[in-house]
Amino acid sequence: MGAIKRLVGVIALPAALLCTANVALAQLYQGAQLVQADTIANVNAVVPGEPFLVGVRLKMAPGWHTYWRYPGDAGIPTEIKWQLPPGWHAGEIQWPIPLKLTEPGDIQIYGYQNEGLLIQQITPPKNIGGSTATLSAKVNWLVCEKICIPGEATVGLTLPIVSTNTAANADLFARFQKRLPRSPGANFSASWKKDANGLLLTISSPELSKSSSVEFFPSPKESLAVGHPRLETRNSDQFAFRVPLDASNRSIDSLPGLIVFGNSPNDPDGSAWDISAGPQIAANDNHSSLRELVRFLVFGFIGGFILNLMPCVLPVISLKIFGFVQQAGQSRTRIFRSGLAFVAGIFIWFIGLALVLVALKSAGREITWAFQFTNAYFVLVMSAVVLIFALNLFGVFEISVPQWLSRGAIASGSAHGDIGSFFQGVFATILATPCTAPFLGTALGFAFTQSATIILLMFAAIAAGMSAPYLLLTAQPAWLKFLPKPGMWMERVKQLMGFLLIATLLFLLSVLGAQRGVSALIWASAFLLVVSIACWIKGAFLVPSATFRARVIAFVVMVALVLGGAAYFIGEKFQSVSMVAAANALGNGWEKFTPDRLASEIQQGHPVFIDFTAEWCITCKFNESTVLETDTVRGAFSERQIVKLKADWTNGDPTITKMLKQFGRPGVPLYVLYPGGSAQPYVFPELLTKNIILEKLETINHTIAYQP
Amino acid sequence: MKIRSIAFVFFSLAAAALYAAESPAVGSAAPDFSVPDVNGETHSLSQYKGKYVVLEWFNPECPFVKKHYGSGNMQKLQGEYTGKGVVWLTVDSSAPGAEGNLSPEQAQKVMKDWKTKQTALLLDPDGKAGRTYNARNTPHMFVINPEGKVIYEGAIDSKATPNPNDISSSTNYVKVALDESMSGKPVSNANTRPYGCSIKYK
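In this text, all values refer to a predicted model and were calculated from it rather than measured experimentally.

This brings us to the overall build of chain A. Secondary structure summary: chain A contains 19 helices and 23 strands in total. Evaluated residue by residue, chain A yields a buried proportion of 43% over its 708 residues. Contacts in chain A between residues at least 24 apart in sequence constitute 76% of all its contacts with a sequence separation of at least 6.

What follows concerns the overall build of chain B. A tally of regular secondary structure across chain B gives 6 helices and 9 strands. Classification of the 202 residues of chain B by burial places 47% in the buried group. Intrachain contacts of chain B at a sequence separation of at least 6 include 74% that bridge at least 24 residues.

All names here are of chain A. Taken N-terminus to C-terminus, the directions of helix H12 (residues 518-541) and helix H13 (residues 548-576) make an angle of 175°; their axes are 9 Å apart at the nearest point. Comparing the axis directions of H12 and H13 gives the class roughly antiparallel. The segment H12 lies against H13, with Ala 520, Trp 523, Ala 524, Ala 526, Phe 527, Val 530, Val 531, Ile 533, Ala 534, Ile 537, Lys 538 and Phe 541 engaging Ala 550, Ala 554, Val 557, Met 558, Leu 561, Val 562, Gly 565, Ala 566, Phe 569, Ile 570, Lys 573 and Phe 574. Residues of the contact of H12 with H13, tallied by class, amount to 21 nonpolar, 1 polar and 2 charged.

Looking now at the nonpolar core. Counting 119 residues, the largest nonpolar core has Val143(A), Ile259(A), Val54(B), Val143(B), Tyr152(B) and Val174(B) as the members making the most contacts within it. With 8 residues, strand E10 (residues 132-144) of chain A is the largest single contributor of residues to this core. Both domains that meet at this core, namely domain 1 (15-177) and domain 2 (189-274) of chain A, each give it at least three residues. Once residues within four sequence positions are removed from consideration, Val143(A) is found in contact with Gln27(A), Leu34(A), Val35(A), Met60(A), Trp64(A), Thr66(A), Ile149(A) and Gly151(A).

It is worth spelling out the sheet that holds strand E4 (residues 87-92) of chain B at this point. Residues and elements named next belong to chain B. If you trace the 5 strands from one edge of the open sheet to the other, you get E5-E4-E3-E7-E8, paired in mixed fashion. One side of each edge strand has no neighbouring strand; the edge strands of this open sheet are strand E5 (120-123) and strand E8 (150-154). Within this sheet the neighbouring strands show an average axis-to-axis angle of 15°, counted without direction. Two elements, strand E7 (residues 141-144) and E8, share 4 bridges in a ladder whose sense is antiparallel. Bridge pairing in E8 links Phe 142 to Glu 153. This element, helix H6 (residues 173-182), spans strand E3 (53-57), E7 and E8 of the sheet and lies at about 170° to E8.

On to the packing of helix H5 (residues 376-394) of chain A against H12(A), then. Residue and element names in this part refer to chain A. The geometry of H5 relative to H12 is characterised by a closest axis approach of 10 Å and an angle of 35° between their N-to-C directions. Read as a crossing pair, H5 and H12 show a hand that is right-handed. Contact with H5, carried on its side by Leu 380, Ser 383, Ala 384, Leu 387, Ile 388 and Leu 391, involves Ala 524, Leu 528, Val 531, Ser 532 and Cys 535 of H12 and no other residues of that element. Looking at the contact of H5 with H12, its residues break down into 9 nonpolar, 2 polar and no charged.

As a further point, take helix H2 (residues 63-70) of chain B. Burial runs high along H2(B): 7 of the 8 residues are buried. Buried within H2(B) are the following residues: Pro63(B), Phe64(B), Val65(B), Lys66(B), Lys67(B), His68(B) and Tyr69(B). Buried residues in H2(B) make contact with strand E11 (148-160) of chain A together with helix H3 (73-82), strand E6 (137-138) and strand E9 (197-198) of chain B. Phi for Gly72(B), located one or two positions after H2(B), is positive at around 80°.

Now for unusual backbone geometry. In this chain, Thr138(B) is followed by Pro139(B) through a cis amide linkage whose omega measures -10°. Here the phi dihedral of Asn114(A) falls at roughly 65°; this positive angle occurs in a residue that is not glycine. Position of Asn114(A) among the secondary structure elements: in the loop between strand E8 (107-113) and strand E9 (115-123). Notably, Lys115(B) is not glycine yet its phi reads approximately 55°, a positive angle. Following the sequence through the fold, Lys115(B) ends up in the loop between helix H4 (104-113) and E5. Residue classification places Lys115(B) among the exposed positions, given that 11 C-beta atoms sit within 10 Å.

Moving on to the sheet that holds strand E19 (residues 590-592) of chain A. All names here are of chain A. Reading across from one edge, E19-E21-E20-E22-E23 is the order of the 5 strands in this open sheet, with mixed pairing throughout. Because the sheet does not close on itself, it has two edges, and the strands there are E19 and strand E23 (682-683). Pairing of E19 with strand E21 (residues 643-648) involves 3 bridges; the strand directions are parallel. Bridge assignment links Glu 591 to a residue of E21, and that residue is Leu 645.

To continue, consider the pairing of strand E7 (residues 99-103) of chain A. Residue and element names in this part refer to chain A. Pairing geometry for E7 and E8, over 5 bridges, is antiparallel. Within the sheet, the bridge partner assigned to Lys 100 lies in E8 and is Tyr 110. Counting the residues in the hairpin turn of E7 and E8 gives 3 residues, including Gly 105, whose phi is positive at 85°.

In low-pLDDT regions, the fine details of the predicted coordinates are not to be read closely. Residues and elements named next belong to chain A. In this model, chain A carries an average pLDDT of 76, and 75% of its residues clear a pLDDT of 70 or more. Ranking the elements of chain A by mean pLDDT puts helix H6 (residues 403-408) last, at 42, and strand E3 (residues 52-60) first, at 93. Taken together, the stretch residues 702-708 has pLDDT below 50 and engages in 18 contacts with residues farther than four places along the chain or on a different chain.

This paragraph deals with helix H9 (residues 452-475) of chain A. All names here are of chain A. The end-to-end C-alpha distance of H9, which contains 24 residues, comes to 32 Å, matching closely the 34 Å that a straight helix rising 1.5 Å per residue would cover. Ser 467 marks the point of greatest bend in H9, at about 45°, and the proline Pro 469 comes within the next four residues. Turning to H9, its buried residues number three or more, namely Ile 455, Met 458, Phe 459, Ala 461, Ile 462, Ala 463, Gly 465, Met 466, Ser 467, Tyr 470, Leu 473 and Thr 474.

To continue, consider the environment of Ser421(A). By the secondary structure assignment, Ser421(A) is in helix H7 (residues 415-432). Separated by 82 residues in sequence, Ser421(A) and Gly339(A) have C-alpha atoms that sit 7.4 Å apart.

Before going further, it helps to examine the environment of Val260(A). Residues and elements named next belong to chain A. Note on placement: Val 260 falls in strand E17 (residues 257-262). Assessed through the 24 C-beta atoms surrounding it within 10 Å, Val 260 is described here as buried. Considered as a pair, Val 260 and Phe 216 are 44 residues apart in the sequence and their alpha carbons are 6.1 Å apart. Here Val 260 is in contact with Ile 97, Glu 215, Phe 217, Gly 270 and Ala 272, once residues within four sequence places are set aside.

So, about the pairing of strand E14 (residues 213-218) of chain A. A regular strand places its side chains so that they alternate between the two faces of the sheet. Residues and elements named next belong to chain A. Counting buried positions along E14 yields 5 of 6 residues, so the element is predominantly enclosed. With 6 bridges joining them, E14 and E17 adopt antiparallel strand pairing. Within the sheet, the bridge partner assigned to Pro 218 lies in E17 and is Gly 257.

Residues and elements named next belong to chain A. Its place among the elements puts Leu 28 in strand E1 (residues 26-29). Leu 28 sits in the buried class, given 21 other C-beta atoms within 10 Å. Each C-alpha atom of the pair Leu 28 and Ile 149 lies 10.0 Å from the other, and the pair is 121 residues apart in sequence.

This part is about the confidence of the model for chain B. All names here are of chain B. For chain B, per-residue confidence averages 84 on the pLDDT scale, and 87% of positions sit at 70 or higher. Within the model, pLDDT remains below 50 along residues 1-26, and this stretch shows 30 contacts once partners closer than five positions in the same chain are excluded. For this predicted complex, the interface score ipTM comes out at 0.73, alongside a pTM of 0.51.

What counts and what doesn't
- Residues numbered from 1 in each chain as written.
- Chains lettered and ligands numbered in written order.
- Predicted model: local features only at pLDDT ≥ 70, side-chain atom pairs only at ≥ 80, totals over all residues.
- Helix = DSSP H or I, 4+ residues; strand = E, 2+ residues; numbered from the N terminus.
- Buried ≥ 20, exposed ≤ 12 C-beta atoms within 10 Å, placed from the backbone.
- Contact = placed C-beta atoms within 7 Å.
- Axes fitted to C-alpha atoms, helices over the stretch in contact; angles between N-to-C directions.
- Parallel < 35°, antiparallel > 145°, perpendicular 65-115°, else oblique.
- Nonpolar A, V, L, I, M, F, W, Y, C, P; charged D, E, K, R; others polar.
- Core = buried A, V, L, I, M, F, W, Y, C linked by C-beta atoms within 7 Å.
- Domains from an automatic or database assignment.
- Pairing = 2+ DSSP bridges.
- Left-handed = near helix turned anticlockwise from the far one by under 90°.
- pLDDT = per-residue confidence, 0-100.
- Expected span 1.5 Å × (residues − 1).
- Bend = angle between axes of the 7 residues up to and from the residue.

Laid out in structure tokens, this is it:
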């Protein structure tokens, strides 16, 4: 340690008024030593390229305290500015669990007494010239007891540069690392609600049931004032905290902070969970105002409308346009009726989906948008449906509605077309679900926290949005007249559409392949082959001109083929193929996302970008190829040393489902940037552009901790 | 590409709509108080109805208070706004025996030595006024409009440090609130986190 410079902070009035503090290692007050600062490393020497830890230690006189990152009602957090050689990086401060202290007048502060060690990770470059490295840091603090005195010191250490090193100061580091907040356990859940008086945080974890003291220490962003959190209810392992907020901060939905628990308040053996890293994005207030509801319904409507434009509905759009062309020659009422039937199909699908979701939600399952695509059997059934439609378009067979159905329908000859339109509506909608259109996600994220009625309303709004253009076109058939007259070309177009559906089938199969691997794909294709033979039998033999006997035989063979194929290829072979992990190939600097990995990167202060994706999500693939995997964006990521994590939701990984839910998103894509340290994560829009990414990355430089 | 642009425009519109829906803080009525000043004269909020009132919590020994008085920043602000008809009340809520507690004589001396320019320095050793306002820091600032509504509560400026050199590069929230309100605009930043020493209550 260097020479101790002296500082005398005299607080006599008014002489001390303009007195500024000296740089000091020991802060003295009326002859007594208040704070002694030094810095230590957990290694005896530096190995190039290998990160190590340094801690700034503040030893305080008895009764005095320095402050946590959120000081509470008064005080200032300790500040550390590293002066490092070029190419060296310092991570964020790892703050030990603070004490919660109360002063007269119900003033609550968070800080440290006796001794505090603020640890940071230092990453040296791979190539270092010279034989020693000197690291120094300027430390500013405010130390208070009955009175407050600011202090500052420049502390430093010089370490040799070697090729192998050994640990140092292990006991000291272990003692304070034990006091660092951890990531919440697997069974932890948290949700935020907002009402007129502020925020309500509800947490639950079986681990907490043993603790007699459970508290929430908020850590709001700078300049945000929050009231004192208080425990409102406790119900075995469920706790509700109220955090009062001023009315002008109504835009705040949640707060980062710690869940601190132990046998008593300020338990030295207590623990804490940092709930800053996994942001709990607000489940909005259940008693949401009518205005908010209307706003979200409008979102739903617009989102539904946009579903028509998404790539995965495109082949179906062509189908629909084709349908309109066909109708153009028909009477006005018939066209409108077809339109209504199509719209009814859309509505029935969405309402049906909503009912299923409501049922699942009440059963306590994790609900997410497009969750059905994470199920291989759903994808398989979809493949079969798409294939059947394609074969129909190719003319292999005609779809005939069972007689009892057409008889039951309106007696007019148009019943057939109406039912066709109805199923086309259903079909178009099924294909649309995996494309979470922009901010439809927001609306749905909102809806999933709501009651069954609101979920139903929400889905109805989406259905209305999706069907609006068709209803409009069929109600105004004049516009349809601009479409060309029917003719032979229609047959050609129909066949061409068939190929588009085959392309869609390829996409579905690629999803299956990603989920289950090549052999499963082969068995699934074998089943599809059997299905197509059944279709051919239907087209060739199950026709009105055939004898009743021939029709019965054809029907039995068809059913036997499909059932037998399903039983053997799917029930036996397909099912026995185990899941394929890591479907989305990593590479290009991407690494696999796990909650632990994220927590550890954040703790080390690294900026992290997460790509929530799935093999079956076309919007994701589109974003990846046009934005994320371009040279500029890739370069920008590596230049700023941003850790790129890929969260692959192809098989519906429940830990990823949970993350998505935390962000209030029911499905992929989702792009999140943790700027480093305690900064709140930034959520990108679902449709990325290079500019959106690059502009946001610009801000990262400023948040990397104190580079020289 | 076209699909993307359309979708993007929709998204931006929606985002803008979300933001626009967040309304500024609605001020509540400022509670009344009656506290004697250094000359024994009692000041109550109600007597200043119709005028802007600034409340400033004060402790002459707190480094953050010294930051703003040592640099002349606080005096300048007091002078500027009392000149515009604003009532500026400085309140010392330090309990007897605690740091910053002043007898009327000591308080008069501080005002003279520091060349302060507030309307009055109020002595609130029992902390009644301070607790009524839930004042927690020195300095902790409140701005009350002529209708008696709180229009600003929080820090004096944007840089929470005891270093006077930071004053020139920080935004003075009190000044912004007064200027905005006086020119008929809503206060853009009506609530910030106050910084400073804790008030030394009884």
